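What the coordinates show
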Amino acid sequence: MMRSSYSKEDVILLLKDITGLVEPQSTQERERLIQAGRHYSEMLPIEYVPTDKYMQVYQEALTNYAKPTAMAVGRVADKILDKKNDRVVLVSLARAGIPIGILIKRYIKMKYDKDVLHYSISIIKGKGIDHNAMHYLLERHRPEQLLFVDGWIGKGAIFNELKRELEAYKGVLPDLAVVADPANITDLYGTHEDILIPSSCLNCTVSGLISRTFLRSDIIGPEDFHGAVFYGELAKSDLSYAFIHVIEQCFQKDNPPENIVIKGYGAEEVRELATAFGIKDIHLIKPGIGETTRVLLRRVPWKVLIDERYKESPELGHIVRLAQEKHVKIEYYPLRHYKCCGIIKKLAET
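The notes below deal with the structure included here. (Residues numbered from 1 in each chain as written. Predicted model: local features only at pLDDT ≥ 70, side-chain atom pairs only at ≥ 80, totals over all residues. Heavy atoms only, no water.)

Read across the open sheet, the 6 strands follow the order β1-β4-β3-β7-β8-β9; overall the sheet is parallel. Only two strands of the sheet have a single neighbouring strand rather than two, namely β1 (12-13) and β9 (189-191). The pairing of strand β8 (residues 176-180) with β9 spans 2 bridges and is parallel. Its bridge partner lying in β9, V178 is registered against Y189. Lying over the sheet, helix α2 (residues 52-84) contacts β3 (89-93), β7 (146-152), β8 and β9, oriented at roughly 150° with respect to β9. The strands touched by helix α3 (residues 97-112) are β1, β3, β4 (117-121), β7 and β8; relative to β7, the strand with the most contacts, the crossing angle is about 120°. (Pairing = 2+ DSSP bridges. Helix = DSSP H or I, 4+ residues; strand = E, 2+ residues; numbered from the N terminus. Contact = heavy atoms within 4.5 Å. Axes fitted to C-alpha atoms, helices over the stretch in contact; angles between N-to-C directions.)

If you walk through the whole model with that rule in mind, you get 1 cavity of 30 Å³ or more. Along the walls of the largest cavity sit 15 residues, with W152, D194, I195, I289 and G290 positioned nearest its centre. Per element, the largest residue contribution to the lining of the largest cavity is 3 residues, and it comes from helix α8 (residues 289-298). Counted by class, the lining of the largest cavity contains 9 nonpolar, 4 polar and 2 charged residues. (1 Å grid on protein atoms, 1.4 Å probe; cavity = no way out; pocket = protein on both sides within 12 Å on 5 of 7 lines; lining within 4 Å. Points joined across faces, edges and corners; volume = space filled by probe spheres on them. Nonpolar A, V, L, I, M, F, W, Y, C, P; charged D, E, K, R; others polar.)

With that out of the way, let us pick up the nonpolar core. Judged by nonpolar contacts, the single largest core of 76 residues is most densely connected at Y58, I80 and I104. Listing elements by their share of this core, those giving two or more residues are α2, α3, β7, β8, α6 (240-248), α8, β12 (301-306) and α9 (317-325). Considering every element that reaches this core, the biggest residue donor is α2, with 14 residues. Not counting residues within four places of it along the chain, the set of residues in contact with Y58 comprises P198, C201, L202, V206, L239 and F243. In terms of nonpolar packing, the next biggest core, distinct from the first, is built from 25 residues, L93, I123, V172 and L176 among them. (Core = buried A, V, L, I, M, F, W, Y, C linked by side-chain atoms within 4.5 Å. Buried < 20%, exposed > 50% of the residue type's maximum accessible area, 1.4 Å probe, protein only.)

Evaluated as defined, the whole model comprises 25 salt bridges. Where E29 meets R32, a salt bridge forms, and the shortest distance between an N and an O atom there is 3.0 Å. Taken as a pair, E29 and R32 lie in helix α1 (residues 27-35) at a separation of 3 residues, close to a single helical turn. You can call E29 partly exposed: its relative accessible area is 30%. Here R95 ties to E47 by a salt bridge, and the two come within 3.2 Å at their closest N and O atoms. Here R95 is found in the loop between β3 and α3, whereas its partner E47 is found in the loop between α1 and α2, with 48 residues between them in sequence. (Salt bridge = Lys/Arg side-chain N within 4 Å of Asp/Glu carboxyl O.)

With that settled, the discussion passes to the sheet that holds strand β13 (residues 329-332). What the 4 strands build is an open sheet, ordered β11-β14-β12-β13; its pairing is mixed. The strands lining the two open edges of the sheet, one partner per strand, are β11 (285-287) and β13. Each neighbouring strand pair of the sheet contributes to a mean axis angle of 20°, computed without reference to strand direction. Strands β11, β12 and β14 (340-344) of the sheet are contacted by α8, whose axis makes an angle of about 35° with β14.

This next bit is on the environment of V11. Its location among the elements puts V11 in the segment before β1. V11 sits 108 residues away from Y119 along the chain, and the two C-alpha atoms are 5.3 Å apart. Excluding its chain neighbours within four sequence positions, the residues that come into contact with V11 are Y6, I98, I102, H118, Y119 and S120.

Turning to the side chain of E315, a few remarks are in order. Inspection of the secondary structure puts E315 in the loop between β12 and α9. A polar atom in the side chain of E315 sits 2.8 Å from the side chain of K339. Apart from the residues lying within four places of it in its own chain, the contact partners of E315 are Y65, D194, I195, L196, I289 and K339. (Polar contact = N/O pair within 3.5 Å; in protein donor to acceptor, adjacent residues only side chain to side chain.)

So, about the pairing of β12. Most of β12 sits inside the fold, with 5 of its 6 residues counted as buried. In this structure, β12 lies alongside β14, joined through 5 bridges in antiparallel fashion. Within β14, the residue paired with K303 across the bridge is I343. With 4 bridges connecting them, β12 and β13 associate as parallel partners. Looking at the pairing, K303 lines up with K329 of β13. At this point the chain moves from β12, through α9, to the parallel β13, and the crossover so formed is right-handed. (Right-handed = clockwise from strand over helix to strand, strands pointing away.)

All right, on to the side chain of D130 then. Tracing the sequence through the fold places D130 in the loop between β6 (128-129) and α4 (131-140). Here D130 sits buried without a salt bridge, and the closest side chain of opposite charge, K16, lies 11 Å off (N-O distance). For D130, the side chain forms a polar contact with the main-chain nitrogen of H226, separated by 2.6 Å. Ignoring any residue separated from it by four or fewer positions in sequence, one finds D130 in contact with L14, S122, D224, F225 and H226. (Lys, Arg positive; Asp, Glu negative; His and termini not counted.)

Structure (structure tokens):
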């Protein structure tokens, strides 16, 4: 079973440990290969080691946004139990969903004094869900018990992939619970606001020291779970439980309902941005705080759009810091669903 810095009481990782089997590649090299047609899941990035200044921004973000994150966790946990009751089995999508799944599990224990199981499995855009992991779950649990969890929804590509893949599993509902859904496409959300979930600021050091998931036939056999690497050498920098504990301390049993009314869908706005900036491939547009952070940490950005209303917002401090470190242009641009948006550079044109 996969190693991580999380306890098995918090999450059971249905992943194959491929530590030492894959040589990480630089961001530039990976981006060149991805845009030439190589699938991103067949490679692993070199994990970003945060600078002291970036870590200072992260700690400020955690201090400032722990409470709204905790309230959103509480709201979505209540919705999950309303829909599924306490027999629910949480299935987080590795990697961003894992800390959120742990927080939902802990909130349910705090408020309802119920212990729910939490697994994590891989789903990869363009490759699908880990069918071996699904079979493992369905050998042990009824299909209607399973409830999928992720951190946030950007455009909705993974949610759409999940819905397509689950058509093969009778009785498994294609629901996705998230903390933040600015795209306005799931009923199981904590907030429609594009909030900063502090765990989105970092990579493995806030996700149990594991990589994002990996799928390549020379390493992942037909009977294997999708793979991931354990970065044990980064143990001294691991903030995975520090993050969990800070959010957990902000839990409250009663969370006021959100009064945000959101019109339209995030995918419509992404298509508008593609037209406005002459971008033919909408996969190069990554909207929302979480997705913009990923672009800056893992991809080769062209520019970052920040909504003019959030020009000085500390919520976007880590994005501004990363853009400065990587010499990426920031443009202030009116956005409706999102506070910011990362656009990947089209390398063929550089």
